[in-house]
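Chain and residue survey
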Amino acid sequence: MSANTNQASPVIAAPPRYKRYATWALFLALIIVCSIQTEVTPYQLIRGLPQMGYLLGEMVPPDWSYLPKIWEPMVETIQIALVGTMLGGLLAIPFALLCAYNVTSNRWVAMPVRLVLNLVRTIPDLLFAAIFVAVFGIGPFAGMLAILFFSFGLIAKLTFEAIESIDPGPLEAMTAVGANKLQLIVFAVLPQAMPYYMSYLLYAFEVNVRAASVLGLVGAGGIGLLLDRSLGLFRYDRAAIIILLTLAVVLVIDYASTVVRRKLL
């Protein structure tokens, strides 16, 4: 038997215990300092518990008679999320292809497109909604545009990362037989990336239904307008029924999209 086989395999030493303790101590100190500076302390929570209890008491029982009046705004909220998600998802496809280095080898093209995506993702959906409300007025169109840009940034980012992680074998094989860029995308890239893209599209729709429910607070249409009105009039019983309906809709959409995503992946 050779000497090499008798040698013990190298053992990776665990980091010294004091380093782990120092890391956790630093992390804890950072949380404490940030909490103190932002006044996010257990004292603030305890002091607000009576007001929280009063608010919850005003919400019970919910005003069930208000339910028929909120069905139409809830449907409008779902429609805003659906249209905005679909348009943003379609817009994300060419941008994702331009960002992926294994598809677009020219960094002078990919880097500016990535910069645009980073800029779009930097702006929160509520700020988008406020801007579009100022431009187009109060209504669902402003909310749809806000959802569109939010979906575009999110889906494009996730999709181009999925494209960069696909199996390079089909790309190399098609390149070897002289396939052009369009053929590479249609027959090698999209078939591998499409299941992930559809999963991200469904996930964005879930998020956007929740977001569309809140965008109405800045005048972007949907159920949020009624929620803002109910809170402004101190009708917490009506706000409770709006929240319950929104929760039920979100849970149904979340379950359905989860089932579809599992089948896709």
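First, a word on scope: everything that follows refers to the structure included in this document. (Residues numbered from 1 in each chain as written. Predicted model: local features only at pLDDT ≥ 70, side-chain atom pairs only at ≥ 80, totals over all residues. Heavy atoms only, no water.)

**With respect to the overall build of the chain**
When its secondary structure is counted, the chain shows 11 helices and zero strands. Tracing the chain from N to C terminus, the helices and strands come up as α-α-α-α-α-α-α-α-α-α-α. Relative to the globule expectation of 18 Å for 265 residues, the C-alpha radius of gyration of the chain, 25 Å, shows a markedly less compact shape. The C-alpha extent of the chain, read off along each of the three principal axes, is 80 × 55 × 35 Å. By residue count, 35% of the 265 residues in the chain fall in the buried class. Looking at the chain alone, contacts between residues at least 24 apart form 76% of all its contacts between residues at least 6 apart. Here the chain displays about 16,400 Å² of accessible surface, and carbon together with sulfur accounts for 71% of that area. For the chain, the centre of its 17 positive side-chain charges and the centre of its 14 negative side-chain charges are spaced 8 Å apart. (Helix = DSSP H or I, 4+ residues; strand = E, 2+ residues; numbered from the N terminus. Rg over C-alpha atoms; globule rule 2.2 N^0.38 Å. Buried < 20%, exposed > 50% of the residue type's maximum accessible area, 1.4 Å probe, protein only. Contact = heavy atoms within 4.5 Å. Areas by Shrake-Rupley, 256 points an atom, 1.4 Å probe, with all protein chains shown as cover. Lys, Arg positive; Asp, Glu negative; His and termini not counted. Charge placed at Lys NZ, Arg CZ, Asp CG, Glu CD.)

**Thoughts on the pattern of salt bridges**
Summed over all chains, the structure comprises five salt bridges. A salt bridge links D63 to R238; the nearest nitrogen and oxygen atoms lie 3.5 Å apart. One end of the pair, D63, is in the loop between α3 (42–59) and α4 (67–99); the other, R238, is in helix α11 (residues 236–264), with 175 residues separating them in the sequence. With relative accessibility at 13%, the residue D63 sits in the buried group. In this structure R238 comes out as partly exposed when scored by relative accessible area, which is 22%. Of the charged contacts, one joins E164 and R114 as a salt bridge, the two residues approaching to 2.5 Å between their closest N and O atoms. Taken together, the residues E164 in helix α7 (residues 140–164) and R114 in helix α5 (residues 107–122) connect sequence positions 50 residues apart. Among the residues examined, E164 registers a relative accessible area of 33% and is labelled partly exposed. For R114, a relative accessible area of 17% puts it in the buried group. (Salt bridge = Lys/Arg side-chain N within 4 Å of Asp/Glu carboxyl O.)

**Some points on the environment of I46**
Structurally, the position occupied by I46 is in helix α3. Sequence spacing of I46 and F205 is 159 residues, and the spatial spacing of their C-alpha atoms is 36 Å.

**Some points on the packing of aromatic side chains**
This structure, assessed with the given rule, holds eight aromatic pairs. For the ring pair F128 and F149, a centre distance of 5.3 Å and an interplane angle of 25° mean the geometry is stacked. Of this pair, F128 sits in helix α6 (residues 125–136) while F149 sits in helix α7, and the two are 21 residues apart along the sequence. Judged by its relative accessible area of 28%, F149 is partly exposed. Ring centres of F136 and F141 lie 5.1 Å apart, and the angle between their planes is 85°; on these two criteria the pair is classed as edge-to-face. Grouped by ring-pair contacts, the aromatic residues F128, F132, F136, F141 and F149 constitute a single cluster. Lying across the ring of Y101, R114 places its NZ or CZ 4.1 Å from the centre. (Phe/Tyr/Trp six-rings, centres within 6.5 Å; stacked < 30°, edge-to-face > 60°. Lys NZ or Arg CZ within 6 Å of the ring centre and 35° of its normal.)

**Re helix α8 (residues 168–176)**
Put simply, D167 is the residue that caps the front of α8, since its side-chain oxygen is 3.1 Å from the backbone nitrogen of G169. At the exit of α8 stands G178, carrying a positive phi of roughly 90°. (Polar contact = N/O pair within 3.5 Å; in protein donor to acceptor, adjacent residues only side chain to side chain.)

**Quick notes on the packing of α6 against helix α9 (residues 181–215)**
Interhelical geometry of α6 versus α9 gives an angle of 45° and a closest axis separation of 10 Å. With respect to α9, the element α6 is oriented oblique. With respect to the hand of their crossing, α6 and α9 are arranged in right-handed fashion. Contacts from D125, L126 and A129 in α6 reach A211, V214 and L215 in α9. Split into classes, the residues belonging to the contact of α6 with α9 amount to five nonpolar, no polar and one charged. (Axes fitted to C-alpha atoms, helices over the stretch in contact; angles between N-to-C directions. Parallel < 35°, antiparallel > 145°, perpendicular 65-115°, else oblique. Left-handed = near helix turned anticlockwise from the far one by under 90°. Nonpolar A, V, L, I, M, F, W, Y, C, P; charged D, E, K, R; others polar.)

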